[in-house]
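Listed here are the chains, written in short residue letters.
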Amino acid sequence: MRRFFINNIPFVNGAPLSLSGQQHSHLKKSLRLKVGNIIEVFDSNGQNCQAAIMEIGKNETKLKIQLNSGINKNSTTKTILNDDSFDNNNNNNNNNNNNNSNNNSNNNNNNNNNNNKKGDDEINIINNNINIDLATSLPKLQRAEWMIEKLTEIGIKNLFLLESEHSKSSPSSGSLTSNKLDRFERIIIESSKQSKNNHLMNIIPPQPYKQFLKDKFNIDTIKQSKYSHIFLFDPNGKPLPLIFNEIEENHQNKNNNNNNNNNNNNNNNNNNNQVRDTLILIGPEGGFTKNEINQLQQTIDKRNDSNLYISKLGNTILRMETAAIVTSGLFSINFPFLFNNKKKVL
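Residues numbered from 1 in each chain as written. Predicted model: local features only at pLDDT ≥ 70, side-chain atom pairs only at ≥ 80, totals over all residues. Heavy atoms only, no water.

**A word on the overall build of the chain**
For step 1, the next point in the chain: Check the secondary structure of the chain and you find 9 helices and 11 strands.
For step 2, the next point in the chain: The burial tally for the chain puts 40% of its 346 residues in the buried class.
For step 3, the next point in the chain: A separation of at least 24 residues holds for 75% of the contacts in the chain among residues at least 6 apart in sequence.
For step 4, the next point in the chain: Of the accessible surface of the chain, which amounts to about 18,600 Å², a share of 42% is contributed by carbon and sulfur atoms. (Helix = DSSP H or I, 4+ residues; strand = E, 2+ residues; numbered from the N terminus. Buried < 20%, exposed > 50% of the residue type's maximum accessible area, 1.4 Å probe, protein only. Contact = heavy atoms within 4.5 Å. Areas by Shrake-Rupley, 256 points an atom, 1.4 Å probe, with all protein chains shown as cover.)

Structure (structure tokens):
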């Protein structure tokens, strides 16, 4: 089913919507959809639903929300039910009333489906509640567009652009014109449409590395760090699979300790045991300097409410955009398993 982006979905039965600009042009000229076709729309709030095409005009397409197809709030992994699903459900209900044996069979199938759905929900719960943010320098603009496209597909929530000691060759904040930022936004929207990711990735303009640390970890203004797990990638770091094993073991041990302490005398008041968002830092060409790594280490040690890991991906040196995509993909795949005690993919 074709997907289109709108600013906000109103939760009213039969509410009208409209597509204009590039979204309208894509529907009309590229896809050549017709009146009566059903499409899927999503907004920047992570909501999506089905809508019927009511009218295709010169400058806009008029739609009507189909509430019977269901609306998902804040979902990046679940898909909406189509009309065939509801027809099949109704047919199954009629068959159940007419045939007891079919009823038992359908009940067993429903139980299996419920069990599968429950399993999916258990695995996806971390995806829905924990965001992965990435901080890195911006590569040359052609590579930057490719990186932004792939990070959106993977599901990165925020992309922070850094100006570090070795990022002199990267585009500065002054070189990012409004036209370039608009193009980045279009890439994000198109990538979200293709990947069925209902959340648009945010791009935070370039800022100095020191200022980034101050904004995110200032102990005087921020009561609790947004991030429970922070990963900085460096060739001298610890292999990522070993770190994943360490995180999984620590999380399981914490759960076991909580289960054994029925009186809640050991509530783990240390905030770095709480699972919150994850931050990945990827250096520019030449990586982060020892001074920059020490700054981050001292900042995290001072706060004592986050876990910092210095890691590496392998024995080869990757471009910053390649490293950003590889690490983001590995984290997106593995983290739901780490915190739900599932077997990891890596």
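Once you've had a look at it, read on.
**Details of the environment of Phe11**
For step 1, the next point in the chain: Along the polypeptide, Phe11 turns up in the loop between strand 1 (3–5) and strand 2 (16–20).
For step 2, the next point in the chain: In this structure Phe11 comes out as partly exposed when scored by relative accessible area, which is 40%.

**Some points on the packing of helix 1 (residues 21–30) against helix 5 (residues 178–195)**
For step 1, the next point in the chain: One way to put it is that helix 1 packs onto helix 5 with a least axis distance of 12 Å and a crossing angle of 45°. Our classification of the angle between helix 1 and helix 5 gives oblique. The two elements helix 1 and helix 5 meet at a crossing, and its hand is right-handed. Residues Gln22, Gln23 and His26 of helix 1 touch helix 5, and the partners they reach there are Arg186, Ile189, Glu190 and Lys193.
For step 2, the next point in the chain: The residue inventory of the contact of helix 1 with helix 5, partitioned by class, reads 1 nonpolar, 3 polar and 3 charged. (Axes fitted to C-alpha atoms, helices over the stretch in contact; angles between N-to-C directions. Parallel < 35°, antiparallel > 145°, perpendicular 65-115°, else oblique. Left-handed = near helix turned anticlockwise from the far one by under 90°. Nonpolar A, V, L, I, M, F, W, Y, C, P; charged D, E, K, R; others polar.)

**Points about unusual backbone geometry**
For step 1, the next point in the chain: Notably, Lys196 is not glycine yet its phi reads approximately 60°, a positive angle.
For step 2, the next point in the chain: Within the secondary structure, Lys196 sits in the loop between helix 5 and strand 8 (202–208).
For step 3, the next point in the chain: Even without being glycine, Asn304 reaches a positive phi, approximately 60°.
For step 4, the next point in the chain: Along the polypeptide, Asn304 turns up in the loop between helix 8 (290–303) and strand 11 (307–312).

**Topic: a nonpolar patch on the surface**
For step 1, the next point in the chain: A contiguous nonpolar patch, built from Leu313, Leu318 and Val326 and spanning about 200 Å² of accessible area, is present on the exposed surface.
For step 2, the next point in the chain: Mapped onto the secondary structure, Val326 falls in helix 9 (residues 320–339). (Patch = residues over 30% accessible without salt bridge, like charges linked within 9 Å, V, L, I, M, F, W, Y side chains within 5 Å. Salt bridge = Lys/Arg side-chain N within 4 Å of Asp/Glu carboxyl O.)

**Here's the deal with helix 4 (residues 141–154)**
For step 1, the next point in the chain: With 14 residues, helix 4 extends 20 Å from end C-alpha to end C-alpha; this agrees with the ideal 20 Å at 1.5 Å per step.
For step 2, the next point in the chain: Those residues of helix 4 lying buried are Ala144, Met147, Ile148, Leu151 and Thr152. Down the axis of helix 4, the buried set is contained in an arc of 130°. They therefore lie on one face.
For step 3, the next point in the chain: Each element contacted by the buried residues of helix 4 is listed here: strand 6 (132–136), strand 7 (158–163), helix 5, strand 8 and helix 9.
For step 4, the next point in the chain: Backbone geometry just after helix 4 places Gly155 at a positive phi near 110°. (Expected span 1.5 Å × (residues − 1). Arc of directions from axis to C-beta.)

**So, the packing of aromatic side chains**
For step 1, the next point in the chain: For the structure on display, the rule yields 8 aromatic pairs.
For step 2, the next point in the chain: An angle of 20° between the planes, with centres 4.9 Å apart, marks the rings of Phe231 and Tyr309 as stacked. Placement of Phe231 in strand 9 (residues 227–239) and of Tyr309 in strand 11 is noted, with a sequence separation of 78 residues between them.
For step 3, the next point in the chain: Tyr309 gets classed as buried once you look at its relative accessible area, which sits at 10%. (Phe/Tyr/Trp six-rings, centres within 6.5 Å; stacked < 30°, edge-to-face > 60°.)

**Some remarks on helix 8**
For step 1, the next point in the chain: Helix length check: helix 8 (14 residues) gives 20 Å between terminal C-alpha atoms against 20 Å at 1.5 Å per residue, within 8%.
For step 2, the next point in the chain: All buried positions along helix 8 are accounted for by Glu292, Ile293, Gln295, Leu296, Ile300 and Arg303. Buried residues of helix 8, viewed axially, fall in a sector of 155°; they line one side. Along helix 8, exposed side chains directed more than 90 degrees from the buried face belong to Lys290, Gln298, Asp301 and Lys302.
For step 3, the next point in the chain: Buried residues in helix 8 make contact with helix 6 (209–217), strand 9, strand 10 (277–282) and strand 11.
For step 4, the next point in the chain: Asn304 sits one or two positions beyond helix 8 and adopts a positive phi of about 60°.

**A closer look at the nonpolar core**
For step 1, the next point in the chain: The biggest cluster of nonpolar side chains holds 36 residues, and the ones touching the most others in it are Leu134, Leu151, Leu159, Phe231, Ile247, Ile282 and Phe331.
For step 2, the next point in the chain: Elements represented by at least two residues in this core include exactly strand 6, helix 4, strand 7, helix 5, strand 9, helix 7 (240–260), strand 10 and helix 9.
For step 3, the next point in the chain: In terms of residues, this core owes the most to one element, helix 9, which gives 8 residues.
For step 4, the next point in the chain: If we ignore the near neighbours within four places in the chain, the residues touching Leu151 are Leu134, Ile156, Leu159, Met201, Ala324, Ile325 and Ser328. (Core = buried A, V, L, I, M, F, W, Y, C linked by side-chain atoms within 4.5 Å.)

**Points about the confidence of the model for the chain**
Note: predicted coordinates in regions of low pLDDT should not be interpreted at a detailed level.
For step 1, the next point in the chain: When pLDDT is averaged across the chain, the result is 79; 73% of the residues are at 70 or more.
For step 2, the next point in the chain: By mean pLDDT, helix 2 (residues 83–98) is the weakest element of the chain at 42, and strand 6 is the strongest at 96.
For step 3, the next point in the chain: The low-confidence segment residues 74–101 (pLDDT under 50) makes 40 contacts with residues lying over four places distant or belonging to another chain.
For step 4, the next point in the chain: Of the regions scoring below 50 in pLDDT, residues 341–345 engages in 17 contacts with residues more than four places distant in sequence or in other chains. (pLDDT = per-residue confidence, 0-100.)

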